[in-house]
Amino acid sequence: MIQIYNNTEEINTVAADLFVESAQKAIAANGKFTAVLTGGSSPAGIYRLLASDAYKNKIDWSKVYIFWGDERWVPLNDDLSNAKMSYSTLLSHVPIPQENIFEMYKDGVTPEEYAAIYEQSVRTVLGEEGKFDLILLGMGDDGHTASLFPGEAVLEEQTKWVDAYYLAPQKMYRITLTAPIINKAEKIVVVAFGEKKTHALKEVTSGEYNPTLYPMQLIKPVSGELLFLVDKAAAGTN
Ligand SMILES: O=C1O[C@H](COP(=O)(O)O)[C@@H](O)[C@H](O)[C@H]1O
């Protein structure tokens, strides 16, 4: 489903409310909430809102488990790190135990080795069912999501839940959840703002099926819900 909003602030509020609602529901049902954060520029406002006085006490953070959808393979103090942004806007401001946070980077191992380790962490917290309660995703101007980039072999992955590879156009390694594990989630929320996303959003939601070109098309929940929160500019209805 696609929901169109007037501006980024409205989307941030809706996304933060969905996060709280999912957390409360999962904690009441299962005693824990497993969430996947997205990187890029789009989610910072959502994270700041969740860390604000108006929101942070609505969640029992001791029962929250945080993973990421993808990461640039850079140290955690690098400005390109999705984890660094998530700490500065959210995780450093809420009472979540450090052992409940699973950053997608580790010094001293290769990205490929760490992908296998990360997958094991996901299995330990989620069990073999591998069903996250909530996955937040962004979408690049090129239709990529997480680190599922156009034309890359990772798009074909059917077995691994986590993969890492060298993204030649960006001259860096990426580590990412794969489409099969993303699609098992209870709820997937995609946020996209601005007219730079208009073309990709149109292709992803109403274009011909061609996930090699528009990887976001791979995201089709097995039994959960997929929600796009977009502004009028991204929707092309300005
Ligand atoms: O490289 C990435 O980009 C996408 C989209 O980012 P945005 O800045 O356009 O919101 C993001 O979802 C992904 O996590 C990130 O690694």
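From a predicted model like this one, the values you see are computed outputs, not experimental measurements.

Chemist: Please provide a residue-by-residue account of the overall build of the protein, values included.
Modeler: Helix and strand counts for the protein stand at eight helices and nine strands. The C-alpha atoms of the protein give 17 Å as radius of gyration, which agrees with the globular expectation for 238 residues (18 Å, within 12%). Its C-alpha atoms put the protein at 45 × 40 × 35 Å along the principal axes. Looking at the protein residue by residue over its 238 residues, the buried ones come to 55%. A separation of at least 24 residues holds for 74% of the contacts in the protein among residues at least 6 apart in sequence.

Chemist: Just give me the short version of helix 4 (residues 82-89), but keep the residues and values in it.
Modeler: Residue pairs three or four apart in sequence face the same way in an α-helix, which turns once every 3.6 residues. Counted residue by residue, helix 4 has six buried out of eight residues, so it is predominantly covered. For helix 4, the complete set of buried residues consists of Asn-82, Ala-83, Met-85, Ser-86, Tyr-87 and Thr-89. Contacts from the buried residues of helix 4 go to strand 2 (33-37), helix 2 (44-51), strand 3 (64-68) and strand 4 (70-72). Its side-chain oxygen at 3.2 Å from the backbone nitrogen of Ala-83, Ser-81 defines the N-terminal cap of helix 4.

Chemist: An account of the sheet that holds strand 4 is needed here, citing residue identities and associated values.
Modeler: Here we have three strands laid out as an open sheet, ordered 4-7-6, and antiparallel in their pairing. Each edge of the sheet is formed by a strand with only one pairing partner; in this case those strands are strand 4 and strand 6 (162-167). Pairwise comparison of adjacent strand axes, ignoring direction, gives a mean angle of 15° for this sheet. Sheet analysis places strand 6 next to strand 7 (residues 172-177), joined by six bridges and oriented antiparallel. Bridging from a neighbouring strand, Asp-163 pairs with Thr-176 of strand 7.

Chemist: Residues and numbers for the packing of helix 2 against helix 4, please.
Modeler: Direction vectors running N to C along helix 2 and helix 4 enclose 35°, while the axes themselves pass 8 Å from each other. Packed against helix 2, whose contacting residues are Ala-44, Tyr-47, Arg-48 and Ala-51, the element helix 4 presents Met-85, Ser-86 and Thr-89 at the interface. Here the contact of helix 2 with helix 4 is built from residues that sort into four nonpolar, two polar and one charged.

Chemist: Which residues make up the site of the ligand, and what are the values?
Modeler: Around the ligand sit 15 residues, and of these Ser-41, Ser-42, Asp-70, Arg-174 and Lys-197 come closest. Asp-70 places a polar side-chain atom, nitrogen or oxygen, 2.6 Å from an oxygen atom of the ligand. Gly-138 is positioned with one of its backbone polar atoms (N or O) 3.5 Å from an oxygen atom of the ligand. When the ligand sits alone it has 390 Å² of accessible area, and the protein chains cover 90% of it.

Chemist: Before we move on, can you summarise the sheet that holds strand 3 with the specific residues and values?
Modeler: Note: strands within a sheet are paired through backbone hydrogen bonds, in either parallel or antiparallel orientation. If you trace the six strands from one edge of the open sheet to the other, you get 1-9-8-5-2-3, paired in parallel fashion. What marks the edges here is a single partner per strand, and that holds for strand 1 (2-5) and strand 3. The mean inter-strand angle of the sheet, taken between neighbouring strand axes irrespective of direction, is 20°. The strands touched by helix 5 (residues 111-126) within the sheet are strand 2 and strand 3, with strand 3 carrying the most contacts at an inclination of about 155°.

Conventions adopted
- Residues numbered from 1 in each chain as written.
- Predicted model: local features only at pLDDT ≥ 70, side-chain atom pairs only at ≥ 80, totals over all residues.
- Heavy atoms only, no water.
- Helix = DSSP H or I, 4+ residues; strand = E, 2+ residues; numbered from the N terminus.
- Rg over C-alpha atoms; globule rule 2.2 N^0.38 Å.
- Buried < 20%, exposed > 50% of the residue type's maximum accessible area, 1.4 Å probe, protein only.
- Contact = heavy atoms within 4.5 Å.
- Polar contact = N/O pair within 3.5 Å; in protein donor to acceptor, adjacent residues only side chain to side chain.
- Pairing = 2+ DSSP bridges.
- Axes fitted to C-alpha atoms, helices over the stretch in contact; angles between N-to-C directions.
- Nonpolar A, V, L, I, M, F, W, Y, C, P; charged D, E, K, R; others polar.
- Near = heavy atom within 4 Å.
- Areas by Shrake-Rupley, 256 points an atom, 1.4 Å probe, with all protein chains shown as cover.

Limitation: the analysis is restricted to geometry and does not speak to function.
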